[in-house]
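Breakdown of the fold
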Amino acid sequence: MADEVILLSVWASMFGMRTRIALEEKKVKYDYREEDLWNKSSFLLEMNPVHKKIPVLIHNGKPVCESLIQVEYIDETWPGENPLLPSDPYQRAHAKFWADFIDKKVNVTARRIWAIKGEEKEASKELIEIFKTLESELGDKHYFGGETFGYVDIALIGFYSWFGVYNKFGNMSLESECPELTRWAKRCLQRESVSKVLPESEKVTKFIFQRLGLE
Ligand SMILES: N[C@@H](CCC(=O)N[C@@H](CSO)C(=O)NCC(=O)O)C(=O)O
């Protein structure tokens, strides 16, 4: 029987983008279903009763929750094309460290720029520092894992589509503050798996302005 793969997500979610990019990298056919987080479907609530969040990957009826876990699951389940995680245990641990750093630091800080009034300035400074830490980890490598696009790149790249939001609310230019990271993001966007999934920055910005009643 052919695999049934369903992905519940939201087009603007940097977490959902991770799973979509991984599926595209592996050339896995999947049924994409857009969720409305202000009116969650019963299917989402059934498939992710603990967190009630997207993305949720449902493979032959079995839900896999949490985007980084989904990326690893996809890598293990469809091992043929484009390995996403290193096979060497130490390199694997190193990749997971940086994906964990991204999960612990980036969204929680970036969100404060646009979602919490009065925190824009402080949070913007902190986000730039976080991105500079990632720039030094990247160094002169093409991708975080070296020559091949992989797990840490997938963990981070979705946030690039939100740079417009962070710049607007933080009154800054992340592209100028973090030129190496910007060059890396544009390199990732040359991959079809990324260009097919990442929304235009302007579309995300318009979406947030509408959600916040600013236009
Ligand atoms: N650690 C998780 C985060 C998912 C998440 O925050 N999803 C958000 C939308 S994206 O910001 C979500 O589903 N929010 C709905 C809610 O909080 O009720 C992951 O990596 O999958």
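Just above, that's the structure.
Being a predicted model, the structure only gives us computed values, none of them experimental.

Within the structure shown, the criterion is met by 14 salt bridges. Three or more residues joined by partner-sharing salt bridges are found here, namely E72, E76, R92 and K96.

All right, on to the pairing of strand β2 (residues 31-34) then. Inspection of the sheet shows strand β1 (residues 5-9) paired to β2 by 4 bridges, in the parallel sense. Of the residues in β2, the one forming a bridge with L7 is Y32.

Attention shifts here to the environment of L8. Locating L8 in the fold gives a position in strand β1. For the pair L8 and A115, spaced 107 residues apart in sequence, the C-alpha separation works out to 24 Å. When sequence neighbours within four positions are dropped, the list of residues in contact with L8 reads R33, E35, F43, L44, I54, P55, V56 and I58.

Here the focus is the site of the ligand. Inspection of the region around the ligand gives S13, F15, R18, L37, K40, K53, I54, P55, E66 and S67 as its neighbouring residues. A distance of 3.3 Å separates an oxygen atom of the ligand from a polar atom in the side chain of K53. Between the ligand and S67, the relevant distance is 2.6 Å, taken from an oxygen atom to a side-chain nitrogen or oxygen of the residue. When the free accessible area of the ligand is taken as 520 Å², the share hidden by the protein chains comes to 74%. Residues belonging to the shell around the ligand are distributed by class as follows: 4 nonpolar, 2 polar and 4 charged.

So, how was this worked out
Residues numbered from 1 in each chain as written. Predicted model: local features only at pLDDT ≥ 70, side-chain atom pairs only at ≥ 80, totals over all residues. Heavy atoms only, no water. Salt bridge = Lys/Arg side-chain N within 4 Å of Asp/Glu carboxyl O. Pairing = 2+ DSSP bridges. Helix = DSSP H or I, 4+ residues; strand = E, 2+ residues; numbered from the N terminus. Contact = heavy atoms within 4.5 Å. Near = heavy atom within 4 Å. Polar contact = N/O pair within 3.5 Å; in protein donor to acceptor, adjacent residues only side chain to side chain. Areas by Shrake-Rupley, 256 points an atom, 1.4 Å probe, with all protein chains shown as cover. Nonpolar A, V, L, I, M, F, W, Y, C, P; charged D, E, K, R; others polar.

Geometric values such as these leave the question of function open.
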